[in-house]
Amino acid sequence: MLSADTLRVAKTFLNYVAANHSAAMFVAGVMLLLTSASAAVRSIAVTLGRMQGKQRFDSVHGFFFSILFSLLFLFTIWFGILVMFTSRDLMARINELLPFIDISSGWQSFKYLMLGGMLFLLLWGMFRVFRHSDNHFATWPGALVGTFGMLAFSGIFSKFIVVSTRYSLVYGSLASVILLMLWMYFSGQAMYIGAVFNIALWDRKRGII
């Protein structure tokens, strides 16, 4: 559950965006976000190729899948924010429709389970698509490890965000940016650890280690 300060900051930002919207700036922002995210996915694909010793996509196909996974990743983030901000109202609405079922106690666990399932499918699909066709190792164990790591870092990040809003406006904003960068870094490390876990299991199965 978010603090009142966090909700007030988010509401102020959304009101500012609604009052100062521009179609051209919106399109430019979406294009910049998408190209930046796809470049990051292509960098991840290169790193995964180096880990397994072979790069699967080098040209048009790699660019296509980088755009696809960028859209999926951005949708996952958007869905996570949506669930975070609307979970209380959604839970109240469900309790009104089904008064004989109390879901308030288990909603937090179900929320993280739902987000974890989306992250798992995203990581598994990325590991599976960028795995070279000559390699035949399983990709779901590393996706599971990466999902647990990203959920753990996300939980810690959300706690620190709530704490950072208790300080002054400038200091809290700077702290939030730094924490966001740390979250992105550690989430990337969790994903790479999952990829290494897959390859380590494969090497052990082949008797290399």
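Residues numbered from 1 in each chain as written. Predicted model: local features only at pLDDT ≥ 70, side-chain atom pairs only at ≥ 80, totals over all residues. Heavy atoms only, no water.

1. Here we look at the overall build of the chain
Turning to step 1, where the next piece is worked out: Looking only at helices and strands, the chain has 6 helices and 0 strands in total.
Turning to step 2, where the next piece is worked out: Order of helices (α) and strands (β) in the chain, N terminus to C terminus: α-α-α-α-α-α.
Turning to step 3, where the next piece is worked out: Nonlocal contacts in the chain, meaning residues at least 24 apart in sequence, comprise 75% of its contacts between residues at least 6 apart.
Turning to step 4, where the next piece is worked out: For the chain, the exposed area adds up to about 13,800 Å²; of that, 73% sits on carbon and sulfur atoms. (Helix = DSSP H or I, 4+ residues; strand = E, 2+ residues; numbered from the N terminus. Contact = heavy atoms within 4.5 Å. Areas by Shrake-Rupley, 256 points an atom, 1.4 Å probe, with all protein chains shown as cover.)

2. Regarding empty space enclosed by the protein
Turning to step 1, where the next piece is worked out: Overall, the coordinates contain 1 cavity of 30 Å³ or more when judged by the stated rule.
Turning to step 2, where the next piece is worked out: Along the walls of the largest cavity sit Leu48, Gln52, Phe127, Phe130, Arg131, Phe137, Ala195, Asn198 and Ile199, which together make up its complete lining.
Turning to step 3, where the next piece is worked out: Within the residue set of the lining of the largest cavity, elements represented by two or more residues are helix 2 (23–52) and helix 6 (169–205).
Turning to step 4, where the next piece is worked out: A total of 3 residues in the lining of the largest cavity trace back to one element, the largest contributor, which is helix 6.
Turning to step 5, where the next piece is worked out: Considering only residue class, the lining of the largest cavity consists of 6 nonpolar, 2 polar and 1 charged. (1 Å grid on protein atoms, 1.4 Å probe; cavity = no way out; pocket = protein on both sides within 12 Å on 5 of 7 lines; lining within 4 Å. Points joined across faces, edges and corners; volume = space filled by probe spheres on them. Nonpolar A, V, L, I, M, F, W, Y, C, P; charged D, E, K, R; others polar.)

3. Observations concerning the packing of aromatic side chains
Turning to step 1, where the next piece is worked out: Using the criterion set out here, one finds 5 aromatic pairs in the structure.
Turning to step 2, where the next piece is worked out: Relative to Phe65, the ring of Phe64 has its centre 5.4 Å away and its plane inclined at 70 degrees; by these criteria the two rings are edge-to-face.
Turning to step 3, where the next piece is worked out: With a relative accessible area of 51%, Phe64 lands in the exposed category.
Turning to step 4, where the next piece is worked out: An angle of 25 degrees between the planes, with centres 5.1 Å apart, marks the rings of Phe153 and Phe186 as stacked. (Phe/Tyr/Trp six-rings, centres within 6.5 Å; stacked < 30°, edge-to-face > 60°. Buried < 20%, exposed > 50% of the residue type's maximum accessible area, 1.4 Å probe, protein only.)

4. Section: helix 2
Turning to step 1, where the next piece is worked out: In this model helix 2 runs 43 Å from its N-terminal to its C-terminal C-alpha over 30 residues, within 8% of the 44 Å that 1.5 Å per residue would give.
Turning to step 2, where the next piece is worked out: Of all the residues in helix 2, the buried ones are Leu34, Ala37, Ser38, Val41, Ile44, Ala45, Leu48, Gly49 and Gln52.
Turning to step 3, where the next piece is worked out: Once helix 2 ends, the next one or two residues include Gly53, with phi positive near 85 degrees. (Expected span 1.5 Å × (residues − 1).)

5. Considerations on the side chain of Asn135
Turning to step 1, where the next piece is worked out: Take Asn135: it is sitting in the loop between helix 4 (107–129) and helix 5 (140–164).
Turning to step 2, where the next piece is worked out: There is a polar contact of 3.0 Å between the side chain of Asn135 and the side chain of Gln52. (Polar contact = N/O pair within 3.5 Å; in protein donor to acceptor, adjacent residues only side chain to side chain.)

6. Comments concerning the pattern of salt bridges
Turning to step 1, where the next piece is worked out: Tallied over the entire structure, the rule returns 1 salt bridge.
Turning to step 2, where the next piece is worked out: A salt bridge links Asp203 to Arg206; its shortest N-O distance comes to 2.5 Å.
Turning to step 3, where the next piece is worked out: On the accessibility criterion, Asp203 (17% relative accessible area) is buried.
Turning to step 4, where the next piece is worked out: You can call Arg206 partly exposed: its relative accessible area is 44%. (Salt bridge = Lys/Arg side-chain N within 4 Å of Asp/Glu carboxyl O.)

7. A look at the environment of Leu122
Turning to step 1, where the next piece is worked out: Along the chain, Leu122 falls in helix 4.
Turning to step 2, where the next piece is worked out: Residue Leu122 is classed as buried on the basis of its relative accessible area, which comes to 8%.
Turning to step 3, where the next piece is worked out: Beyond its immediate stretch of four places on either side in the chain, Leu122 contacts Phe69, Leu72, Phe73 and Thr76.

8. Focus on a nonpolar patch on the surface
Turning to step 1, where the next piece is worked out: On the surface, Phe26, Val27, Val30 and Met31 cluster together to form a nonpolar patch covering roughly 400 Å² of accessible area.
Turning to step 2, where the next piece is worked out: On the secondary structure map, Phe26 appears in helix 2.
Turning to step 3, where the next piece is worked out: Given a relative accessible area of 59%, Phe26 falls into the exposed group. (Patch = residues over 30% accessible without salt bridge, like charges linked within 9 Å, V, L, I, M, F, W, Y side chains within 5 Å.)

9. Thoughts on the nonpolar core
Turning to step 1, where the next piece is worked out: Core analysis: the largest hydrophobic core is formed by 19 residues, its most contacted members being Leu48, Phe69, Met126, Phe127 and Phe130.
Turning to step 2, where the next piece is worked out: Every element with two or more residues in this core is listed here: helix 2, helix 3 (60–97), helix 4, helix 5 and helix 6.
Turning to step 3, where the next piece is worked out: Every residue in contact with Leu48, bar those within four places of it in the chain, is listed here: Met126, Phe127, Phe130 and Ala195. (Core = buried A, V, L, I, M, F, W, Y, C linked by side-chain atoms within 4.5 Å.)

10. Here's the deal with the environment of Ile44
Turning to step 1, where the next piece is worked out: Tracing the backbone shows Ile44 in helix 2.
Turning to step 2, where the next piece is worked out: Using a relative accessible area of 14% as the deciding quantity, one classes Ile44 as buried.
Turning to step 3, where the next piece is worked out: With 144 residues separating them along the chain, Ile44 and Gly188 place their C-alpha atoms 9.0 Å apart.

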